[in-house]
4 protein chains.
Amino acid sequence: MSVRTPDPNPGWLSEEDLYEARRRLPIVYVEALPVRLDSLGYVTEVGLLYTADDDGQFYRSVVSGRVMYRETIRAALIRHIEKDLGSLALPQLPPSPAPFTVAEYFPYPSETGLVDDRQHAVSLAYIVPVTGECEPRQDALEVSWLSPEQALSPEVQAEFTGGREKLVQQALAHVGMAR
Amino acid sequence: MSVRTPDPNPGWLSEEDLYEARRRLPIVYVEALPVRLDSLGYVTEVGLLYTADDDGQFYRSVVSGRVMYRETIRAALIRHIEKDLGSLALPQLPPSPAPFTVAEYFPYPSETGLVDDRQHAVSLAYIVPVTGECEPRQDALEVSWLSPEQALSPEVQAEFTGGREKLVQQALAHVGMAR
Amino acid sequence: MSVRTPDPNPGWLSEEDLYEARRRLPIVYVEALPVRLDSLGYVTEVGLLYTADDDGQFYRSVVSGRVMYRETIRAALIRHIEKDLGSLALPQLPPSPAPFTVAEYFPYPSETGLVDDRQHAVSLAYIVPVTGECEPRQDALEVSWLSPEQALSPEVQAEFTGGREKLVQQALAHVGMAR
Amino acid sequence: MSVRTPDPNPGWLSEEDLYEARRRLPIVYVEALPVRLDSLGYVTEVGLLYTADDDGQFYRSVVSGRVMYRETIRAALIRHIEKDLGSLALPQLPPSPAPFTVAEYFPYPSETGLVDDRQHAVSLAYIVPVTGECEPRQDALEVSWLSPEQALSPEVQAEFTGGREKLVQQALAHVGMAR
């Protein structure tokens with residue numbers, strides 16, 4: 001082991017360092033599609049975030065965010081769901097740690113069809129039933145609950161960026177709902 | 001189409017007919033392992049049924065039963081969970097229709113290691129979180145809630161019949177818990 | 001146990017009996033979507049059957065068939081793949097017994113959107129890579145290999161019956177390919 | 001966007017930088033359990049690596065390694081399988097991008113039970129059938145093919161480090177094989 005001054009902020013990255021890391025390493029992300037279930041477990045609604053980017057363009061998104069150093073995937077999921085849906089959403093994380101898909105975002109067009117200008121992100125995607133009240137806290141302007149049919153409509157699908165409309169299609173196919 | 005007298009009881013099978021069908025066709029079953037989850041989605045407890053067979057022997061089991069004609073898998077799951085855990089169990093069926101495994105029971109020893117004297121059963125197995133009160137109604141003498149470690153202990157594993165201890169192992173492995 | 005004359009043909013059902021059983025019990029089916037994979041495991045082609053029904057109408061289908069009494073799911077899959085793709089298809093069944101979805105066909109319109117006039121079928125659906133030569137043997141007039149994009153095109157999707165176009169969508173979403 | 005000198009080695013990290021990154025960010029890993037399948041898709045053998053650590057201690061392992069910047073998960077899997085099993089292993093990556101589990105290794109004891117002294121690793125775990133000849137190239141001293149029963153025996157399970165025996169249990173449970 002090398003001799004180093006103890007790091008006063010283990011796990012903390014400055015903005016500068018994070019910028020650099022994002023150009024050198026794949027970054028671990030989690031994404032969650034919030035859903036409402038009926039008593040038989042059928043998905044009745046999906047929760048989509050409606051957000052504006054820096055240029056004032058509106059687009060749809062799902063719950064998404066980075067996994068921190070020393071943070072479990074489950075803790076990261078809860079943290080980002082609370083950030084985007086508020087603390088009263090009452091999410092129920094699935095018992096299995098396996099995501100329904102893994103989305104690979106690259107900082108340039110790739111075979112995955114998913115793009116993230118800032119980084120190479122490896123994103124574990126989950127479907128998360130919520131039973132409480134959702135009130136967006138941070139960046140999201142709105143959480144809108146759509147039927148699966150609405151979420152798969154060409155109009156709504158066209159409002160996603162980075163290829164995330166595919167993620168919604170895959171999630172709904174996973175629960176047995178195709179177009 | 002042939003001309004036949006309309007069946008007054010579609011979907012209903014006499015005991016005799018069911019006995020015969022069980023010797024001629026694989027029968028569709030559902031099985032459910034009830035679990036309690038913590039706020040992060042980790043399984044904290046699994047619910048096992050403690051039952052006596054016709055000879056007065058006690059054994060452990062999971063929620064299990066036949067899918068009826070014209071019944072959806074989800075409806076069958078809810079019906080059998082209510083039968084075995086009572087109507088206040090508040091089960092939350094998973095959003096995906098895919099079982100975590102398919103258990104094939106044969107009326108004789110087979111490569112699957114799963115046995116059911118009465119029939120060839122193809123059983124779709126699900127992990128079902130429950131949040132309410134469980135009170136066994138029908139045959140089950142008791143619902144006992146065990147930690148995953150207890151459920152995987154050699155003592156408890158030895159109390160299952162037909163190879164269902166494997167099902168419990170597979171379910172817990174599916175949620176990230178191995179011995 | 002009741003005293004009965006031994007059945008000379010256990011597991012065998014007359015056409016008459018099968019007709020009756022199909023009106024009384026859900027029937028276990030397997031369905032397989034044959035795929036060609038590249039060296040990285042990406043699906044490059046899906047194999048669709050092109051068949052004529054009794055009225056001479058053409059439609060697309062996937063490999064599909066009943067699980068017999070005492071037959072394992074894997075044996076049924078291989079049998080139906082050989083029947084539809086020939087004995088040189090070299091299918092590689094997936095190591096996990098869990099299907100990517102369960103399709104429930106009812107003899108009338110239902111919440112599943114899947115219809116089979118003859119019966120209530122519970123169908124375990126698998127994606128099966130094949131590496132050999134495919135030559136349809138029985139009913140299928142043709143096996144056509146389409147790119148995922150072609151298989152998801154509105155024209156091809158409209159050529160399925162019973163709702164099986166949804167199964168193809170779900171299968172392709174499962175392998176990471178959405179529209 | 002900030003103005004920066006173009007990076008001559010995008011995606012390349014010095015040993016020093018990688019050491020630092022491993023103390024600040026979760027690192028994306030892939031792990032693969034190589035298996036041999038019979039014609040019905042049953043797992044007949046699992047391939048385990050037998051390796052010595054820096055202290056000359058022998059232990060069992062699975063194929064494992066980091067995902068590089070701009071590298072797809074599939075490319076990383078193939079690269080590490082070739083590194084550990086040689087270029088003639090003929091691995092067949094599964095068509096679905098979803099891992100059978102996600103293993104979270106922490107640089108200290110945690111709720112996951114998985115430990116990696118060097119880093120916080122988020123590892124996507126896959127079961128990969130191989131049909132060719134395996135010849136370990138790099139660090140591994142040996143690839144041994146064990147039956148599922150042997151791989152699950154207490155003796156073999158005790159030879160893993162970091163908790164990876166759980167990964168093997170989970171993989172075999174996923175393919176329907178419990179103890």
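If you're wondering where the values come from, they're calculated on a predicted model, not measured in any experiment.

The rules behind each value
Residues numbered from 1 in each chain as written. Chains lettered and ligands numbered in written order. Predicted model: local features only at pLDDT ≥ 70, side-chain atom pairs only at ≥ 80, totals over all residues. Heavy atoms only, no water. Helix = DSSP H or I, 4+ residues; strand = E, 2+ residues; numbered from the N terminus. Rg over C-alpha atoms; globule rule 2.2 N^0.38 Å. Buried < 20%, exposed > 50% of the residue type's maximum accessible area, 1.4 Å probe, protein only. Areas by Shrake-Rupley, 256 points an atom, 1.4 Å probe, with all protein chains shown as cover. Lys, Arg positive; Asp, Glu negative; His and termini not counted. Charge placed at Lys NZ, Arg CZ, Asp CG, Glu CD. Contact = heavy atoms within 4.5 Å. Buried area = accessible area lost by both parts, 1.4 Å probe. Salt bridge = Lys/Arg side-chain N within 4 Å of Asp/Glu carboxyl O. Polar contact = N/O pair within 3.5 Å; in protein donor to acceptor, adjacent residues only side chain to side chain. Pairing = 2+ DSSP bridges. Least-squares fit on C-alpha atoms with pLDDT ≥ 70 in both. Phe/Tyr/Trp six-rings, centres within 6.5 Å; stacked < 30°, edge-to-face > 60°. pLDDT = per-residue confidence, 0-100.

A. Region of the structure containing the overall build of chain A. A count of helices and strands for chain A gives five helices and seven strands. Expected size for 179 residues packed as a compact globule is a radius of gyration near 16 Å; at 17 Å, chain A falls within 12% of this value. Within chain A, buried positions represent 60% of all 179 residues. Taken as a whole, chain A presents about 7,800 Å² of accessible surface, with 51% of it coming from carbon and sulfur. Each charge sign in chain A was given a centre, from 16 positive and 26 negative side chains, and these centres are 7 Å apart.

B. Local environment of the interface of chain A and chain D. With 41 residues of chain A in contact, the opposing surface of chain D contributes 41 residues. Around 3,600 Å² of area is buried between chain A and chain D when both sides are counted, 60% of it from carbon and sulfur atoms. Linking chain A to chain D there are zero salt bridges. Counting every contact that joins chain A to chain D gives four residue pairs in polar contact (both at pLDDT 80 or more).

C. A look at the pairing of strand 5 (residues 101-105) of chain C. All names here are of chain C. Across the five residues that make up strand 5, a large majority, five, are buried. Across five bridges, the pairing between strand 5 and strand 6 (residues 121-129) is antiparallel. Opposite Thr101, over in strand 6, you have Ala125 as the bridge partner.

D. Expanded view of the relation of the copies chain B and chain A. Overlaying chain B with chain A gives an RMSD of 0.0 Å, the required rotation being 180 degrees about an axis along which the chain moves by 0.0 Å. The transformation just described matches what one would write down for a two-fold rotation axis. For chain B, the minimum C-alpha distance to the rotation axis belongs to Pro94 of chain B and amounts to 4.1 Å. Residue by residue, 100% of the interface of chain B is reproduced at the interface of chain A, so both copies engage with the same surface.

E. Here's a closer look at the packing of aromatic side chains. All names here are of chain A. Under the criterion given, the structure shown has eight aromatic pairs over all chains. Considering the side-chain rings of Phe106 and Tyr108, the 5.8 Å spacing of their centres and the 40 degrees angle between planes classify their relative orientation as tilted. Relative accessible area serves as the criterion here: at 1%, Phe106 is assigned to the buried category. Note on Tyr108: relative accessible area 26%, which makes it partly exposed.

F. Representation of helix 5 (residues 164-174) of chain D within the structure. Residue and element names in this part refer to chain D. The element helix 5 is extensively covered by neighbouring structure, given that nine of its 11 residues are classed as buried. Those residues of helix 5 that sit buried are Arg164, Glu165, Leu167, Val168, Gln169, Gln170, Ala171, Leu172 and Ala173. Just downstream of helix 5 lies Gly176, where phi reads positive at about 90 degrees.

G. How the structure looks around the interface of chain B and chain A. In this assembly, 21 residues from chain B lie in contact with 21 residues from chain A. Carbon and sulfur atoms make up 62% of the area that chain B and chain A hide from each other, which totals about 1,600 Å². Area buried by chain B at its contact with chain A is led by Leu40, Arg74 and Pro95 of chain B, which between them contribute 34% of it. Run the count over chain B and chain A and you get zero salt bridges. Taken together, the connections running from chain B to chain A amount to four residue pairs in polar contact (both at pLDDT 80 or more).

H. Structural context of the environment of Val30 of chain C. All names here are of chain C. Residue placement: Val30 occurs in strand 1 (residues 27-37). Since its relative accessible area comes to 1%, Val30 is described here as buried. Distance in space between the C-alpha atoms of Val30 and Ala103 is 9.3 Å, their sequence separation being 73 residues. Residues within four places of Val30 in sequence aside, it is in contact with Val63, Ser64, Gly65, Val67, Ile73, Ala76, Leu77, His80, Ser123 and Leu124.

I. How the structure looks around the relation of the copies chain A and chain D. Overlaying chain A with chain D gives an RMSD of 0.0 Å, the required rotation being 180 degrees about an axis along which the chain moves by 0.0 Å. Comparing interface residues between copies, 100% of those in chain A also sit at the interface in chain D, which points to an isologous, same-surface contact.

J. Highlighting the pattern of salt bridges. Applying the stated criterion across every chain yields a total of 18 salt bridges over all chains. Notably, a salt bridge pairs Lys83 of chain A with Asp84 of chain A, separated by 4.0 Å at the nearest N-O pair. Summarising the burial analysis for this pair, Lys83 of chain A and Asp84 of chain A share the class buried. One salt bridge in this structure joins Arg164 of chain C and Glu31 of chain C, with 2.9 Å as the shortest N-O distance. One end of the pair, Arg164 of chain C, is in helix 5 (residues 164-174); the other, Glu31 of chain C, is in strand 1, and 133 residues separate them in sequence. Of the two residues, Arg164 of chain C and Glu31 of chain C, neither departs from the other in class, the shared state being buried.

K. Examining the confidence of the model for chain A more closely. All names here are of chain A. Considering every residue of chain A, the mean pLDDT works out to 89; 91% of them sit at 70 or more. Low confidence marks residues 1-10, where pLDDT is under 50. Its contacts with residues over four positions away, or in another chain, come to seven contacts. The ipTM for the predicted assembly is 0.90, set against a pTM of 0.92.

L. Layout of the environment of Ile78 of chain C. Mapped onto the fold, Ile78 of chain C is located in helix 2 (residues 73-85). Put simply, Ile78 of chain C and Gln92 of chain C are 14 residues apart on the chain and 9.2 Å apart in space, counted from C-alpha to C-alpha.

M. Highlighting unusual backbone geometry. Of note in the backbone geometry, Arg70 of chain A takes a positive phi value of approximately 70 degrees without being a glycine. For Arg70 of chain A, the position within the fold is in the loop between strand 4 (63-66) and helix 2 (73-85). Although it is not a glycine, Leu90 of chain B sits at a positive phi angle of roughly 50 degrees. Along the chain, Leu90 of chain B turns up in the loop between helix 2 (73-85) and strand 5 (101-105).

N. Looking closely at the environment of Arg60 of chain C. Residues and elements named next belong to chain C. Mapped onto the elements, Arg60 comes out in strand 3 (residues 58-61). Taking the relative accessible area as the measure of exposure, Arg60 reaches 12% and is therefore buried. Put simply, Arg60 and Ala158 are 98 residues apart on the chain and 8.9 Å apart in space, counted from C-alpha to C-alpha. At a separation of 2.8 Å, a polar atom in the side chain of Arg60 contacts the side chain of Ser144. Within the structure, the side chain of Arg60 is placed 2.6 Å from the side chain of Glu159, a separation counted as a polar contact.

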